[in-house]
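Spelled out from the first residue to the last, the chains are:
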Amino acid sequence: MTTTLKYGIEVLRDPVLNKSTAFTEAEKQALGLVGLLPEVTETEDLQLQRVMLQLSRKNTDLERYIYLVNLLDHNEALFYRTVMSDPARFLPIVYDPTIGEACLQFGHIYRQPRGMYLSIMRRGHVKGVLKNWPRKDVRFICVTDGGRILGLGDLGANGAPIPIGKLQLYTACAGVPPQYLLPMYLDAGTNNEHYLQDPLYLGMRKTRPPAEELYSFVDEFVEAVQEVFPKCCIHFEDWTGSDAVHLLQRYRNKYCVYNDDVQGTAGIVLAGMINAVKIKGTKLTDEKYLFLGAGSAAIGLADLICSAMVRQGMKLKDAQARVYLFDINGLLEDSRKDLFDFQKPYAHRHAPTRDFAAAIESVKPTTIIGVSTVGGLFRQRVVESMSGINERPVIFALSNPTDHAECTPEQAYTWSKGKAIYAAGVQFPPVHLNGQTFLPGQANNFYVFPAIGMAVFATQASRITDEMFIEAAQAVADQVPSELLKQGLLFPLQQNILESEIQTAARVAKLVFDSGLARVERPADLVAFIRQQVYRPDYADLAPATRAA
Ligand code: NAI
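Keep in mind that what you see is a predicted model, and the values were worked out from it rather than measured.

Asks: Which residues make up a nonpolar patch on the surface, and what are the values?
Replies: Nonpolar side chains collect at one region of the surface, where Tyr110, Tyr117 and Leu202 lie side by side and expose about 260 Å² of accessible area between them. In this fold, leucine 202 is placed in the loop between helix H11 (193–197) and helix H12 (211–228).

Asks: For the packing of helix H15 (residues 296–311) against helix H21 (residues 466–478), give the residues involved together with the corresponding values.
Replies: Look at H15 against H21: their axes get within 10 Å of each other, and the N-to-C directions meet at 80°. When the axes of H15 and H21 are compared, the pair comes out roughly perpendicular. The residues of H21 that touch H15, namely those facing Leu304, Ser307, Ala308 and Arg311, are Asp466, Phe469, Ile470 and Glu471. In the contact of H15 with H21, the residues fall into four nonpolar, one polar and three charged.

Asks: Please provide a residue-by-residue account of the layout of surface pockets, values included.
Replies: Of the pockets and cavities examined, the largest pocket occupies roughly 1,000 Å³. Surrounding the largest pocket, 45 residues form its lining, Gly295, Val371, Ser372, Thr373 and Ser399 being those nearest its centre. Going through the elements one at a time, helix H13 (241–251), helix H14 (260–280), H15 and strand E8 (323–327) are the ones with two or more residues in the lining of the largest pocket. Looking at the lining of the largest pocket, its residues break down into 17 nonpolar, 17 polar and 11 charged. Its boundaries defined by the atoms lining it, the second largest pocket holds a volume of some 620 Å³. Residue lining of the second largest pocket: 24 residues in total, with Pro15, Glu76, Arg114, Gly115 and Trp133 positioned closest to the centre. For the lining of the second largest pocket, the secondary structure elements donating two or more residues are helix H4 (61–74), helix H5 (76–85), helix H10 (161–174) and strand E4 (181–187). Tallied by class, the residues present in the lining of the second largest pocket amount to 12 nonpolar, four polar and eight charged.

Asks: Tell me about the environment of serine 500, and please be specific about residues and values.
Replies: Here serine 500 shows up in helix H23 (residues 497–514). Sequence separation between serine 500 and valine 476 is 24 residues; the distance between their C-alpha atoms is 7.4 Å. Not counting the four nearest positions on each side in its chain, serine 500 is found in contact with Gln479 and Pro492.

Asks: Just give me the short version of the pairing of strand E10 (residues 367–370), but keep the residues and values in it.
Replies: Covered by surrounding structure in E10 are Thr367 and Ile369 together with Ile368 and Gly370, the residues of both alternating faces. Pairing geometry for strand E7 (residues 289–292) and E10, over four bridges, is parallel. Looking across to E10, one finds that leucine 292 is bridged to glycine 370. Where E10 lies against strand E11 (residues 394–397), four bridges are found, and the strand directions are parallel. By the bridge assignment, isoleucine 369 is partnered in E11 with phenylalanine 396. Taking the sense of rotation as the criterion, the β-α-β connection linking E10, helix H18 (residues 380–389) and E11 turns out right-handed.

Asks: Requested: an account of the packing of aromatic side chains, with residues and values cited.
Replies: Tallied over the entire structure, the rule returns 19 aromatic pairs. On the basis of an interplanar angle of 10° and a centroid distance of 5.1 Å, the ring pair of phenylalanine 340 and phenylalanine 342 is categorised as stacked. Exposure remark for phenylalanine 342: the relative accessible area of 11% places this residue in the buried category. Among the aromatic residues, those joined into a cluster by ring pairs are Phe236, Trp239, Tyr251 and Tyr255. Over the ring of tyrosine 180 we find arginine 139, and its NZ or CZ is 5.2 Å from the ring centre.

Asks: So, H23: which residues are in play, and what are the values?
Replies: The end-to-end C-alpha distance of H23, which contains 18 residues, comes to 26 Å, matching closely the 26 Å that a straight helix rising 1.5 Å per residue would cover. Within H23, 13 of the 18 residues are buried, leaving the element largely enclosed by the surrounding structure. Phi turns positive, to about 75°, at glycine 516, one or two residues after H23.

Asks: With reference to specific residues and values, describe H21.
Replies: The terminal C-alpha atoms of H21, which comprises 13 residues, lie 18 Å apart, in line with the 18 Å expected from a rise of 1.5 Å per residue. Along H21, 10 of the 13 residues are buried, which leaves the element largely enclosed by surrounding structure. Of all the residues in H21, the buried ones are Asp466, Met468, Phe469, Ile470, Glu471, Ala472, Ala473, Ala475, Val476 and Ala477. Contacts from the buried residues of H21 go to strand E6 (257–259), H14, H15, helix H20 (449–459) and H23.

Asks: Give me the site of the ligand: which residues, what numbers.
Replies: The ligand sits among 24 residues. The nearest are Arg148, Ser296, Asn400, Ala443 and Asn445. Between the ligand and glycine 241, the relevant distance is 3.4 Å, taken from an oxygen atom to a main-chain nitrogen or oxygen of the residue. Here an oxygen atom of the ligand and a side-chain polar atom of asparagine 400 are 2.5 Å apart. Expressed as a share of its isolated accessible area of 860 Å², the protein-covered part of the ligand is 86%. The residue inventory of the shell around the ligand, partitioned by class, reads 10 nonpolar, 12 polar and two charged.

Asks: Any details on the environment of glutamine 105? Residues and values, ideally.
Replies: For glutamine 105, the location among the structural elements is in the loop between helix H7 (98–104) and helix H8 (106–109). Expressed as a C-alpha distance, the spacing of glutamine 105 and proline 440, which sit 335 residues apart in the sequence, is 30 Å.

Criteria and cut-off values
Residues numbered from 1 in each chain as written. Predicted model: local features only at pLDDT ≥ 70, side-chain atom pairs only at ≥ 80, totals over all residues. Heavy atoms only, no water. Patch = residues over 30% accessible without salt bridge, like charges linked within 9 Å, V, L, I, M, F, W, Y side chains within 5 Å. Areas by Shrake-Rupley, 256 points an atom, 1.4 Å probe, with all protein chains shown as cover. Salt bridge = Lys/Arg side-chain N within 4 Å of Asp/Glu carboxyl O. Helix = DSSP H or I, 4+ residues; strand = E, 2+ residues; numbered from the N terminus. Axes fitted to C-alpha atoms, helices over the stretch in contact; angles between N-to-C directions. Parallel < 35°, antiparallel > 145°, perpendicular 65-115°, else oblique. Contact = heavy atoms within 4.5 Å. Nonpolar A, V, L, I, M, F, W, Y, C, P; charged D, E, K, R; others polar. 1 Å grid on protein atoms, 1.4 Å probe; cavity = no way out; pocket = protein on both sides within 12 Å on 5 of 7 lines; lining within 4 Å. Points joined across faces, edges and corners; volume = space filled by probe spheres on them. Buried < 20%, exposed > 50% of the residue type's maximum accessible area, 1.4 Å probe, protein only. Pairing = 2+ DSSP bridges. Right-handed = clockwise from strand over helix to strand, strands pointing away. Phe/Tyr/Trp six-rings, centres within 6.5 Å; stacked < 30°, edge-to-face > 60°. Lys NZ or Arg CZ within 6 Å of the ring centre and 35° of its normal. Expected span 1.5 Å × (residues − 1). Near = heavy atom within 4 Å. Polar contact = N/O pair within 3.5 Å; in protein donor to acceptor, adjacent residues only side chain to side chain.

Everything listed is a geometric property; what it means functionally is a separate question.
What follows is the structure in structure tokens.
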């Protein structure tokens, strides 16, 4: 039984309390709702049926997204019931790829505020601003400055839907209760001329400050969070590559923080690699990796793959020698003068080249990983070169949204004559080729970060470590049945995502306890411990609390 001080129309206006047509007669009487609702008491299933009917009448996924956001504004449980009823169908609507479209149009489709908007103009007052948030126990803040939204570049305030959507996945995929989640947009301006000129743009109309000014603002924010929400973990999302890596290095050993583009991407791609080598019958340490892209996703992944190889007994230097990166200026090699420190371990002795296919011919990778933000760069010649030198080339085309994928699964399977082991950053349908069906997996971080989130929530972990992402990767990989692996599927089925993430969270929680990072007592049964804390989208029985006189 949940008691509330709210009464009458106030109950219907609160998305956490509102059950719309599902209030019982007793609740209607007690809460002053008689006459404010139709004369029915519907089940949650019947309400879900109506939502599905209304969704089926929408013509585009963006319209479905807007409808679902509106549903969340009115009835939180029904929103999560809808999304959790069919994750494979709804995750691409509440998150990628539809959210990319929602970001591009944010100022135009905006209806209601959600989460917080903290501008650099509030410097010196950040703590006070955070105190305006109505809840005191916040466990996760997902924060972006809109610097690099998906593969769409600097969108400034139009990036605000990203932390909102990302945190919804904590709940929808891993059952983290939504009341502990706070989406946050840090507004430091934008260099996007298009938005600066748009009268409906919702951010500060200023270009971005120098990096040091931004970092000192982020310092104030991170320190204020420690005081205002002491149990909170900060999840950085969609910052530009260099900001992402610098900020992670700045805080990771001091506070409970992580960057999903760096570590979450790395975790899920490592899971895909673990299964790719299972299919090939090799080991991670046998592979040679060439990345297209050398930004935050590439660096996070290269570092985590190296850590995983070190775990398998290889020296770090030898592991790094098996990883090559290629960016907008060509192959990273030791004569390049434009590299960040964090890229240098992967700049090996090699002649300069700006031709990716030529780099394949000379480096002879077994695996290519596209994190370049640019669609179509794995051309036919690239895939054919990879198949020429490998029995089973591993081809991961991870940039998103959909039209930014470096190649489609159809292209990878066709050009490699069915030899490629393929994964993308977005969901593609199965491919039928020469009587065979291939299941292209989606290397989506949502298999990893919500489970890490659930483990951190349940254990109140004080830090997030790379080992936690490696453990999550192994746990995700272990959950793909061998018959699906044979069809090329590298990740678990999305239909079972909640159960899969509970298992992953329990394995990560074990590591948290083993590493001494937990701030709660260790339970006997970790799966049961996680399961107990999972949010279920069910209505509570409501009763009025006695009002103070
Ligand atoms: P970033 O902006 O930090 O890095 C992009 C990199 O690509 C840079 O090194 C740049 O030099 C390089 N690049 C750009 N154009 C190129 C070209 N024509 N040829 C060669 N290199 C080129 O971006 P970040 O964070 O590394 O993300 C990259 C992509 O990965 C994005 O599209 C993002 O959506 C995707 N991504 C996918 C994830 C997943 O599938 N699980 C998770 C995170 C990111």
